[in-house]
Amino acid sequence: MQIKQPMPELCDLQIHINGQQTFFLNEKIISKFSGKLRKIIKQEKGSTLVKNLGIEIEDFPGGPDGFELISRFCYNNGKVPITVSNVSLLHCCALFLGMTEKISPKNLFSQTEYFLKDMFQWSWNDTLSCLKSCESFFLYADSSGLVENLINSLISKISHNSDPNSPFASSCSSSSSLELLANPSSKSIKSWWFEELTILPPVIIQKFIKTLDSHGTYNNTIITRFLLYYLKTSAQSKLSSSRSGYGGLADRTVYGVIVMGKRAFSCRGLFWVLRIVSGFGVGRYYRGGLERLIGEVLDEAELDDLLVNGVGDGDVYDVSLVLRLIRVFVCNCGKVEGGKEKIKKVGGLLDKYLTEIGADQKLKMSKFLRIAESLPQNARDCFDGVYRAVDIYLESHPSLSMEERSRICKCVNYKKLSLEACKELAKNPRIPPLISIQALVSQHSSIIDNIPKQDYLFTSTTSTTPISSRSSKSKSRKQMALYKIEDEIKKYGNNKNNNNNGEGQGQGQKEKAIGVRMQWKLVELEKACRDMEGHISIMGKSNGVLIVPSLTRTLPRMC
């Protein structure tokens, strides 16, 4: 604790201010102007405790700095320089210590009152400086009505200096102007007073907003725009490391955005608002309302919009947020026109998102699967994007067990894979062999079903065979191949169940062997497909008759 002795008088009284500093003062001089100190000294007169330890004063406005000004006033026979920078502090200290006309003529309280009565004639900078000085003793300044008077003075100056025809002073709600707030290089779009008020602390800004609301002359659009600018500036400032006092402002900002609705903000603009308010502890209720707005227009989002930084759970991105947005979108999609097109657009967006988050080594498999399976099957015409994302996730999480790998692969609809993606999947060493077999079965049947049908199929240029007999034989061979593959899958599952105890290494060798065999079968399938493409290309060249060399090779057996 510091000890300060400002005046060379007989010091017979110790006063401890807020436990921070001790002043040694003359009892008669300091009590001459203060009714509160005079009362305390009179009550405790003759007490050895007061003589030895002094007087403790807690919660003094402005702390030691404020009391030092008071002591100078008392020792200077009731005179002290009063300026716009210290008048608020002197006024609150005078109220705290009871320095009124009843105690002494021309006391400090009356002097500060006289100085403050002309505040509406002060310049903008003087009013702003005086209001900012109230930060350290805001409760005293607010309870005395001083803060409200200074804010009213600011509002009157804003109204007087704003062009009534400008969009800032009118009730016009401009979507483009709100979007430009997100652009740091945009300076013309904000009102002239936005930048000026960013020097004020959040507790004073909150009082300022309440006063604006009570006046009713400034609509929700202007107030919301100012709050967005204020929070954006505070987030960028290094001085705003402590954001405990911004929660109320964040809630009021989101309330304003919700009132304005989707017509005033694009999807990207709403994500921008979410990023800003998330850093200031927005309430759960208001955050939920903002997320509902975003979820309803999720089909307008881009990949960058979804990549919101993760908080708390260690993930690189906030995957839980995206899941909540998807739930809102899916529930709302059936109620709006063009829902099928919108849901397919979101399906493509989520494929990109899965590819991006799959590389996060801390991302849990459950979250990845919830994103991949969050949309209905008709949201995607092709599952190549989901497979690419699964492959990236498996590559980033090499410690996954075979069961976990199989589980994550089940989010892929193998029937909707392209032939190239299916070939890549079958050769992929990170994919479990059983999954490779299932994918090839689905793709193999798809290839068979897509073979063009002709009235006749010639085995040579001189002899013909009706398609009924050829197709029945071909169909039987195809069915036999499929049945054998299905039988292989069943055997694989039975062997796996029978060898769970103590045969992990042997089972792993079997899986590798199946994988190698499937790769060879895939090569044969590719060759057969190329042969079919060559044969199909010469169809219909002789009056609708197919002329091809004799075919002695059929589709490969898959097992």
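Scroll up a little and you will see the structure.
Residues numbered from 1 in each chain as written. Predicted model: local features only at pLDDT ≥ 70, side-chain atom pairs only at ≥ 80, totals over all residues. Heavy atoms only, no water.

On to the pattern of salt bridges. In total, this model carries 14 salt bridges according to the counting rule given. We note a salt bridge from lysine 207 to aspartate 142, for which the minimum N-O separation is 3.3 Å. Here lysine 207 is found in helix H12 (residues 202-215), whereas its partner aspartate 142 is found in helix H8 (residues 138-143), with 65 residues between them in sequence. For lysine 207, a relative accessible area of 21% translates into the label partly exposed. For the salt bridge of aspartate 381 with lysine 344, the shortest nitrogen-to-oxygen distance reads 3.4 Å. Within this pair, whereas aspartate 381 is found in the loop between helix H20 (365-372) and helix H21 (384-396), its partner lysine 344 is found in helix H19 (residues 339-357), the two being separated by 37 residues in sequence. Overall, the relative accessible area of 59% leaves aspartate 381 in the exposed class. One salt-bridge network, in which partners are shared between bridges, spans Arg287, Glu291 and Arg324. (Salt bridge = Lys/Arg side-chain N within 4 Å of Asp/Glu carboxyl O. Helix = DSSP H or I, 4+ residues; strand = E, 2+ residues; numbered from the N terminus. Buried < 20%, exposed > 50% of the residue type's maximum accessible area, 1.4 Å probe, protein only.)

With 5 of its 5 residues buried, strand E2 (residues 13-17) lies for the most part within the structure. Covered by surrounding structure in E2 are Leu13, Ile15 and Ile17 together with Gln14 and His16, the residues of both alternating faces. Summarising the sheet, E2 and strand E3 (residues 21-25) pair through 5 bridges and their orientation is antiparallel. From the neighbouring strand, histidine 16 faces E3, where its bridge partner is threonine 22. The hairpin turn running from E2 into E3, its antiparallel successor, is 3 residues long, and asparagine 18 in that turn takes a positive phi close to 55°. Here 3 bridges tie E2 to strand E4 (residues 55-57), and the two strands are oriented parallel to one another. Residue pairing in the sheet places isoleucine 17 in a bridge with isoleucine 57 of E4. (Pairing = 2+ DSSP bridges.)

Attention now moves to the environment of glutamate 195. Within the secondary structure, glutamate 195 sits in helix H11 (residues 192-197). Given the relative accessible area of 39%, glutamate 195 is considered partly exposed. Expressed as a C-alpha distance, the spacing of glutamate 195 and tyrosine 229, which sit 34 residues apart in the sequence, is 8.2 Å. Here tyrosine 229 takes part through its side chain, which lies 2.3 Å from a polar atom of the side chain of glutamate 195. (Polar contact = N/O pair within 3.5 Å; in protein donor to acceptor, adjacent residues only side chain to side chain.)

Tallied over the entire structure, the rule returns 18 aromatic pairs. For the cation-ring pair, lysine 36 lies above phenylalanine 96, with the distance from its terminal atom to the ring centre recorded as 3.7 Å. (Phe/Tyr/Trp six-rings, centres within 6.5 Å; stacked < 30°, edge-to-face > 60°. Lys NZ or Arg CZ within 6 Å of the ring centre and 35° of its normal.)

Let's shift gears to the environment of arginine 268. Mapped onto the fold, arginine 268 is located in helix H15 (residues 267-278). With a relative accessible area of 45%, arginine 268 lands in the partly exposed category. Separated by 32 residues in the primary sequence, arginine 268 and glutamate 300 place their C-alpha atoms 8.1 Å from one another. Among residues more than four places away in sequence, those in contact with arginine 268 are Glu302, Asp304 and Asp305. At a separation of 2.8 Å, a polar atom in the side chain of arginine 268 contacts the side chain of aspartate 305. (Contact = heavy atoms within 4.5 Å.)

With that settled, consider H20. The element H20 is largely enclosed, with a buried count of 6 among its 8 residues. Taken together, the buried positions of H20 are Met365, Lys367, Phe368, Leu369, Ile371 and Ala372. Those residues of H20 hidden inside the fold are in contact with helix H18 (319-333), H19, H21 and helix H22 (402-409).

In this section: the side chain of lysine 157. Take lysine 157: it is sitting in helix H9 (residues 146-161). Ignoring anything within four residues of it in the chain, the contact list for lysine 157 reads Met119, Phe120, Trp122, Ser123, Trp124, Thr127 and Trp192.

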